[in-house]
Every structure is written in structure tokens, then in C-alpha cells.
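For reference, the chains in residue letters:
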Amino acid sequence: MQIAVSVNGTEYSRVIEPRLLLIHFIRDDLGLTGSHWGCDTSNCGACVVWLDDLPVKSCTVLAAMADGRRVLTVEGLERRGELDPVQQGFAHCHGLQCGFCTPGMMLTARWLLDRNPDPSEQEIREAISGQICRCTGYENIVRSVRWAAEHESAAADRDHHGLGDGSEGDDLA
Amino acid sequence: MQVPAYVEYEKATSVDHALTLLARFGPEARVLAGGHSLIPMMKLRLAQPETLIDINGLTGLSYIEVTDGELRIGAMTRHAQLLDSAVAGQRFAILHDAERVIADPVVRLWGTVGGSLCQADPSEDLSAAFAALKATMVIQNLTGTRTVHAREFHTGPYETVVAPGELLTEIRIAIVPGGGSAYQKVGRRVGDWPIGAAGAAIWLDNGSDSGTIADAGIGLTAVGAEHFSAAAAEDFLRGAPATQETFARAGQIAAEHCRPVSDQRGPADYKRHLAGELTARALGAALARATGAGPLPPVQRSPGQRSPGSPRPRRGGS
Ligand SMILES: Cc1cc2nc3c(=O)[nH]c(=O)nc-3n(C[C@H](O)[C@H](O)[C@H](O)COP(=O)(O)OP(=O)(O)OC[C@H]3O[C@@H](n4cnc5c(N)ncnc54)[C@H](O)[C@@H]3O)c2cc1C
Ligand code: FES
Ligand code: FES
């Protein structure tokens, strides 16, 4: 079957088998290997991307279900040539070690912050509770998301007062 | 690598279109809702439909509303929408209790209420919640609609009365004054299916202070309870005083009547223990809500899960 999907703002049209999983479409057909394929059983969240405006475990939906929709992967997180504050937070707070869980963690974190710009530690842990990290013990992931929340609100304040351009002032560690 | 077997795919654009497609493709066609049970089953080749009828475009089946004294939930309502629904939580707190512990936040964005019920997994949480609430299911086919009581909906593990060519479209729960409801689940870890879980709904005679139970509903899952319910325990509760002793006895009766099996989630005797204990606790929590009595007993958590707001245990040094 023919599908048309907008991935990170680029339109792709491909002929696929209906049984193709979205994760394999993204990685193998489009060559976007930032999304990781982990447990293959809907449990680890390494494969999380956005379908329209919501994160989804892309090993658990068909590429056919994305026809006519938008997909956002980690490659599309940066804005205006700058890393998303979530990505900056992970870099700044050492939120990753091997990096396998990272793309999925960041996409769920972005969704959380869009809904809840000032999440508590508990709310962050709840949001990523369907995603597994074997390296960090989650502490630094939680710190990274908090960092992003704090820096986004600071940037929003600056915007609000007409100071700066809303871009992040902090250096990456 | 787990890949589904070859399958055809059709996208439905309306309920009528979905029903027409189901009729055209016959009994080997399967409805694809959130896909979060069906696709894992297809990956394991436990399900090998010939055609998938994708109903994700049927946004008209995604709603939660109060009509004619009933809470009505469209079959395509996602778990997350039910959890976010203030009206559902106010009327039937059991639905929020259950949704909070179904899968994880990302899975809940996609899995649907209708898909949960039609999947009919013997450990499905919502099957127990709706059994406790004595809900009614609305099923549609090309000739019309029919309604089926929650307790006649499931005919066995992974089996329901929804026939090929039919769709579950809506779940209805009668709003009866003087009621309260709650759900208690024990799982191995956050986001996992239950080892055992119980839901309870309780309605008191003549409003909230009489102390006599007019009617009660008990839903059980993962413990081999017939129709996800505990009819004998409900019979015992009707007309009884709403006390902890009554609830403990009802829990014992519920436990005696279920048939749990040992599996990787736990031994049968432990599951039976859970059936009794969680039934009693759910009844207690439901009563507290029916009478508006102060704070609820703490919700049962999986081992290792902290309650919200409790301080994090710190390791030395930091
Ligand atoms: C990691 C993970 C953890 C989970 N943990 C839990 C848990 O703790 N507790 C729990 O209860 N569930 C759990 N689930 C299951 C989750 O609730 C599923 O989303 C749900 O069971 C199925 O909903 P769905 O919309 O994805 O259905 P689908 O997978 O699309 O469909 C399931 C079945 O129902 C049929 N169907 C779907 N909708 C209709 C309809 N309207 N009419 C007729 N037939 C229909 C389909 O043909 C299919 O046979 C978990 C799932 C995952 C992936
Ligand atoms: S690969 Fe999709 S959840 Fe693990
Ligand atoms: S950084 Fe290695 S799994 Fe999370």
C-alpha cells in the first residue's frame, strides 16, 4: 500500500507492506536511526516517537496507521537550529550514559513539558514510567527534565519582558 | 525480531463504513483500535487476521458524556482520556483508580476502552471495573444495535459476544445516587498487568447515612472469577450493614468463588488471598466515597513504588 507521512516536517511517500511496524519504517525505510528499537514488546520505550501530537511506542503501531499523519522523531526535536531545551538538559545534567533509551525519554519529556511546564519530580517519574533506562538509575534523567523546565520558564520570562530572543543563554557542560 | 504475518489493511472513515468493511472481509477481518493488544499478539503470531479494519479515524466514538442518567463512554475513548475526564472521576472514582494503574502513560494515550473490553484478556483491569459498575455494552452491526450487560459480555478468555461483523460502540453506566466506588490492584511493578485486582461499587439505602447496603457490585480480574465478578459476595452484601466485618466476610466469599491459576505473576493461593483482601479494601474505600467520609485509605501500591509527595530515600553522601 502507498502511505504519505510527514516526518519532522518532511513529506515522505512510500509503498509499504501493511504489516510494517512504524519503528522499522522510520529506521529502515527512511534511514532515521535516532529512534531506537529495543525490547520489541511495548515495554522499554526506546522506540517512542510522536504520532501527531502524542508519544507512541512505535514498535506497537503499524506504519500504515501513520498514513496522512505527522511523525516527530529525535532528529526533529531541535528548533531553529538549536537543540531543544530537553536535549540541552540531557547534555547539561549527564542524563544519558549509553544513550539507548535517550531518544524515547526525550520525546516523552517534551510531551510532558508541553502539558505541564513545571512538573514535580514525581510527575516526571510517572511520565517516563513506561520507559526503561539500564544505565542512569533515572536520577539524572529526572534532573535533565527539571533543568529543561527551569530554563524554559526562564526563557519564557525573558521573552515576556522583551529581553533576549528566547534562546538558551546557558552553556552546555 | 517480531513481525506480524502478512495482512491487508483498510481504513474506516465512519461506523457504517467500518461495519460495511467488516461484512465484506468476513470473519478473518479484525478491528484495529489502539492496536496495543492486537499488534503485540500479531507480532507473536498469536493473532493472524487476514484484514485489519483500522477504526482510529472514528473520532465520533471518542467521548465521555452524561445522558439520560447514564455515564456514556465511546468505545474509541483512550485510557488517558478516561483518566483525564472530570465527570467520569466524579461519578465513578473506580474508573480513575483503575486507569491510573493500567499500563503506563504512553500506552494509555493509545489503548482504548473498547479495545480493552473486546480484548477480553483474563487480566484486563477495565473488565473488572465495568463488572463492578454493572455497566451495559452497546454493540452495533449493519442491522442495528443491541445492548448486553457487562456480565454477559465476556464468554471466556479472549472471547466476547461481539460477533464478526460487529463493533462495540459504547459503554453505559447508570448513575444511581448514594453510590461510591473504588479499585485496588497489586502488580509486580509499575505499569504491569495485575497479579490480582478488585473493584467495588456500593450503593446505600436511602442516601448516605443509613449504613445499610442497598446494592453492591464487585469486579475481580486476574484471579479466575466468573464474568469478572463475585455474585455470591454481592448477594451477601445486599441488605447487610456497611461495616469492615461485612466487607471482610464478603472478601472471603469472593476469594472462595474464584479460581486463580499459578503463573509467572504469582501462585494461586496468593492470588486467592489478594482477591479476598483487595475486595474488602475496595469495599471500604467505596463506602468512604459513598458517605463522603474523610480521606480514603491509602491506595495499594506495588512494592517499591513511593506514594506521591513522600520524601525520596537518599543514599549516603548526597
Ligand atoms: C505495555 C503494556 C501494558 C499494559 N498493561 C495493562 C494493564 O496493566 N492492564 C490492562 O487492563 N491492560 C493493559 N494493557 C492493555 C491495554 O489496556 C490495551 O491498550 C488494551 O487492552 C487494548 O486496547 P486497544 O485499543 O489497543 O485494542 P486493540 O489492540 O486495537 O484491539 C484489541 C482487540 O479488541 C478488538 N476491538 C477493539 N476495539 C473494538 C471495537 N470497538 N469493537 C469490536 N472489537 C474491537 C480488536 O479487534 C482486537 O481483537 C497493556 C498494554 C501494553 C502494551
Ligand atoms: S522497542 Fe518499543 S517499547 Fe521497547
Ligand atoms: S542511558 Fe543507557 S539505557 Fe538509558
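Residues numbered from 1 in each chain as written. Chains lettered and ligands numbered in written order. Predicted model: local features only at pLDDT ≥ 70, side-chain atom pairs only at ≥ 80, totals over all residues. Heavy atoms only, no water.

1. Brief notes about the domain arrangement of chain B
Interface size is often expressed as the accessible area that is lost when the parts come together.
All names here are of chain B.
For step 1, the next point in the chain: According to the domain assignment, chain B consists of domain 1 (8-54), domain 2 (59-174) and domain 3 (179-291).
For step 2, the next point in the chain: Taking only C-alpha atoms into account, the centre of domain 2 sits 20 Å from that of domain 3.
For step 3, the next point in the chain: Opposite the 22 residues of domain 2 that make contact, domain 3 presents 27 residues.
For step 4, the next point in the chain: For the pairing of domain 2 and domain 3, the buried interface totals around 1900 Å² over both sides, and the portion due to carbon and sulfur atoms is 56%. (Domains from an automatic or database assignment. Contact = heavy atoms within 4.5 Å. Buried area = accessible area lost by both parts, 1.4 Å probe.)

2. Quick word on the domain arrangement of chain A
Residues and elements named next belong to chain A.
For step 1, the next point in the chain: For chain A, the assigned domains are domain 1 (2-76) and domain 2 (85-154).
For step 2, the next point in the chain: Placing a centre on the C-alpha atoms of domain 1 and another on those of domain 2 gives a separation of 21 Å.
For step 3, the next point in the chain: Every contact between the two is made by 18 residues of domain 1 and, on the other side, 14 residues of domain 2.
For step 4, the next point in the chain: Carbon and sulfur atoms supply 68% of the area that domain 1 and domain 2 bury against each other, a total of about 1200 Å² over both sides.
For step 5, the next point in the chain: Interface area lost by domain 1 to domain 2 is led by His-36, Trp-50 and Val-74, which between them contribute 39%.
For step 6, the next point in the chain: Where domain 1 meets domain 2, there are zero salt bridges.
For step 7, the next point in the chain: In this assembly, domain 1 and domain 2 are joined by four residue pairs in polar contact (both at pLDDT 80 or more). (Salt bridge = Lys/Arg side-chain N within 4 Å of Asp/Glu carboxyl O. Polar contact = N/O pair within 3.5 Å; in protein donor to acceptor, adjacent residues only side chain to side chain.)

3. What to know about the sheet that holds strand β5 (residues 70-74) of chain B
Residues and elements named next belong to chain B.
For step 1, the next point in the chain: On the basis of which strands lie adjacent, the open sheet formed by five strands has the order β4-β5-β10-β6-β7 and antiparallel pairing. Unpaired on one side and paired on the other, β4 (64-67) and β7 (144-149) mark the two borders of the sheet. When strand polarity is set aside, the average angle formed by the axes of neighbouring strands in this sheet is 25°.
For step 2, the next point in the chain: Bridging between β5 and strand β10 (residues 167-174) involves five bridges; their strand directions are antiparallel. Its bridge partner being in β10, Ile-73 is matched across the sheet by Ile-171. (Pairing = 2+ DSSP bridges. Helix = DSSP H or I, 4+ residues; strand = E, 2+ residues; numbered from the N terminus. Axes fitted to C-alpha atoms, helices over the stretch in contact; angles between N-to-C directions.)

4. With respect to the interface of chain B and chain A
For step 1, the next point in the chain: Between chain B and chain A, the contact holds 36 residues from the first and 37 residues from the second.
For step 2, the next point in the chain: Overall, the association of chain B and chain A removes approximately 2900 Å² of surface from exposure, summing both partners, and the carbon and sulfur fraction of that is 60%.
For step 3, the next point in the chain: For the chain B face of the interface with chain A, the top three residues by lost area are Tyr-9, Val-106 and Trp-110 of chain B, together amounting to 20%.
For step 4, the next point in the chain: Where chain B touches chain A, the interface holds five salt bridges.
For step 5, the next point in the chain: Between Asp-67 of chain A and Lys-11 of chain B there is a salt bridge, and its shortest N-O distance comes to 3.3 Å.
For step 6, the next point in the chain: On inspection of chain B and its partner chain A, the count reaches nine residue pairs in polar contact (both at pLDDT 80 or more).
For step 7, the next point in the chain: Mapped by element, the contributors of at least two residues to the side of chain B that touches chain A are β1 (8-11), α2 (38-43), β3 (51-54) and α6 (105-108) of chain B.
For step 8, the next point in the chain: Residue composition of the side of chain B that touches chain A, by class: 19 nonpolar, five polar and 12 charged. (Nonpolar A, V, L, I, M, F, W, Y, C, P; charged D, E, K, R; others polar.)

5. Things to note about the environment of Val-66 of chain B
Residues and elements named next belong to chain B.
For step 1, the next point in the chain: Structurally, Val-66 is set in strand β4.
For step 2, the next point in the chain: With a relative accessible area of 40%, Val-66 lands in the partly exposed category.
For step 3, the next point in the chain: Sequence separation of Val-66 and Ala-88 is 22 residues, and the distance between their C-alpha atoms is 9.0 Å.
For step 4, the next point in the chain: Filtering out sequence-adjacent residues up to four positions away, Val-66 remains in contact with Leu-71, Val-87 and Ile-175. (Buried < 20%, exposed > 50% of the residue type's maximum accessible area, 1.4 Å probe, protein only.)

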